[in-house]
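# Summary of structural features
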Amino acid sequence: MEILKKIDKILNLIRVVLIVIIMIATIGMCTTNIVLRYVIRSESSFRPFPWVNELMQMAGIWIAFLAASMGVRSNSHVSLESFMQNHVPEKVGKILKKVALLIVLATLAYLFFFGIKTTIFQKRSYLQNIHLSYAWFYSAIPVGCFYMFYEYLLILIFGSNPFAKKSEEACEASSGSF
């Protein structure tokens, strides 16, 4: 269990660092283009970069997939827990939850596999305004699906993610820091 805890810590750190770097880059690119477009527009040699919009769209894809996996980790996605508790017997509810998790895992495995195929296929396609392969952006699909698969697998095995901070602990930690 200690090895799994260390692996989880490393995987989570990588995910958080990626999100922070992508967000900082996105904000920086957007701010730079706004300044170039509206503040320094009289100087003809300083024009907005035409490739920023493409990169920001692709960064949004990365953020969506990585943040979705963080939502799985913190149990923030919409579920039918209250419906199951109120209208389905407990034993049936547990079975349905396991079946639903297996369907989700199968779907994520499918998306992971075809995401890798698509990433490899897009290796020689480039963005219109910058010589950057689409593969960098399509790789968000298998990376995000891997993280979600990992989080859902922990939920399937342990009932919930044993390494994620519970919502009460997170609230106490954040309120105690002020």
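What you are looking at is a predicted structure, and each value in this text was computed from that prediction instead of being measured.

### With respect to the packing of helix H1 (residues 2-39) against helix H6 (residues 140-158)
What describes two packed helices is the angle between their axes and the distance between those same axes. As a packed pair, H1 and H6 sit with axes 12 Å apart at the nearest point and diverge in direction by 145 degrees. Here H1 runs over H6; the crossing is left-handed. On H6, the residues touching Leu4, Asp8, Leu11, Ile14 and Arg15 of H1 are Phe146, Tyr147, Tyr150, Glu151, Leu154 and Phe158. Its residues assigned to classes, the contact of H1 with H6 shows 8 nonpolar, no polar and 3 charged.

### Some words on helix H4 (residues 90-121)
For H4, built from 32 residues, the straight-helix expectation of 46 Å at 1.5 Å per residue is met to within 8% by its first-to-last C-alpha distance of 46 Å. For H4, the complete set of buried residues consists of Gly93, Leu101, Leu105, Leu108, Gly115 and Thr119.

### Some words on a nonpolar patch on the surface
On the surface, Ile34, Val35, Tyr38, Val39, Ile40 and Phe46 cluster together into a nonpolar patch covering about 560 Å² of accessible area. Judged by its relative accessible area of 31%, Ile40 falls in the partly exposed class.

### Description of the confidence of the model for the protein
Averaged over every residue, the pLDDT of the protein is 87; the share at 70 or more is 90%. Ranking the helices and strands of the protein by mean pLDDT puts H6 first, with 95, and helix H7 (residues 167-176) last, with 48. In the predicted structure, residues 170-175 sits below a pLDDT of 50 and forms 0 contacts with residues beyond four places in sequence or in another chain.

### What to know about the nonpolar core
Counting 18 residues, the largest nonpolar core has Ile22, Leu55, Trp62, Leu66, Leu127, Phe137 and Tyr150 as the members making the most contacts within it. Breaking this core down by element, the ones donating at least two residues are H1, helix H2 (52-73) and H6. Those residues within four positions of Trp62 in sequence are excluded, and the remaining contacts are Ile22, Trp136, Phe137, Ser139, Ala140 and Val143. Within the second largest apolar cluster, 10 residues are counted, among which are Leu101, Leu108, Cys145 and Met148.

### Side note on H6
With 19 residues, H6 should reach 27 Å at 1.5 Å per residue; the first-to-last C-alpha distance of 27 Å fits that figure. All buried positions along H6 are accounted for by Ala140, Pro142, Gly144, Cys145, Tyr147, Met148, Tyr150, Glu151, Tyr152, Leu154, Ile155 and Leu156. Against the buried residues of H6 lie H1, H2, H4 and helix H5 (135-138). Immediately beyond the C-terminal end of H6, within one or two residues, lies Gly159, with a positive phi of roughly 90 degrees.

### A closer look at the packing of H1 against H2
Look at H1 against H2: their axes get within 10 Å of each other, and the N-to-C directions meet at 150 degrees. By the angle class used here, H1 and H2 are roughly antiparallel. Pair H1 / H2 crosses with left-handed handedness. Across the interface between the two elements, Asp8, Asn12, Arg15, Val16, Leu18, Ile19, Ile22, Met23, Thr26, Met29, Cys30 and Asn33 of H1 pack against Val52, Leu55, Met56, Ala59, Trp62, Ile63, Leu66, Ala67, Ser69, Met70 and Arg73 of H2.

Conventions we followed
Residues numbered from 1 in each chain as written. Predicted model: local features only at pLDDT ≥ 70, side-chain atom pairs only at ≥ 80, totals over all residues. Heavy atoms only, no water. Axes fitted to C-alpha atoms, helices over the stretch in contact; angles between N-to-C directions. Helix = DSSP H or I, 4+ residues; strand = E, 2+ residues; numbered from the N terminus. Left-handed = near helix turned anticlockwise from the far one by under 90°. Contact = heavy atoms within 4.5 Å. Nonpolar A, V, L, I, M, F, W, Y, C, P; charged D, E, K, R; others polar. Expected span 1.5 Å × (residues − 1). Buried < 20%, exposed > 50% of the residue type's maximum accessible area, 1.4 Å probe, protein only. Patch = residues over 30% accessible without salt bridge, like charges linked within 9 Å, V, L, I, M, F, W, Y side chains within 5 Å. Areas by Shrake-Rupley, 256 points an atom, 1.4 Å probe, with all protein chains shown as cover. Salt bridge = Lys/Arg side-chain N within 4 Å of Asp/Glu carboxyl O. pLDDT = per-residue confidence, 0-100. Core = buried A, V, L, I, M, F, W, Y, C linked by side-chain atoms within 4.5 Å. Parallel < 35°, antiparallel > 145°, perpendicular 65-115°, else oblique.

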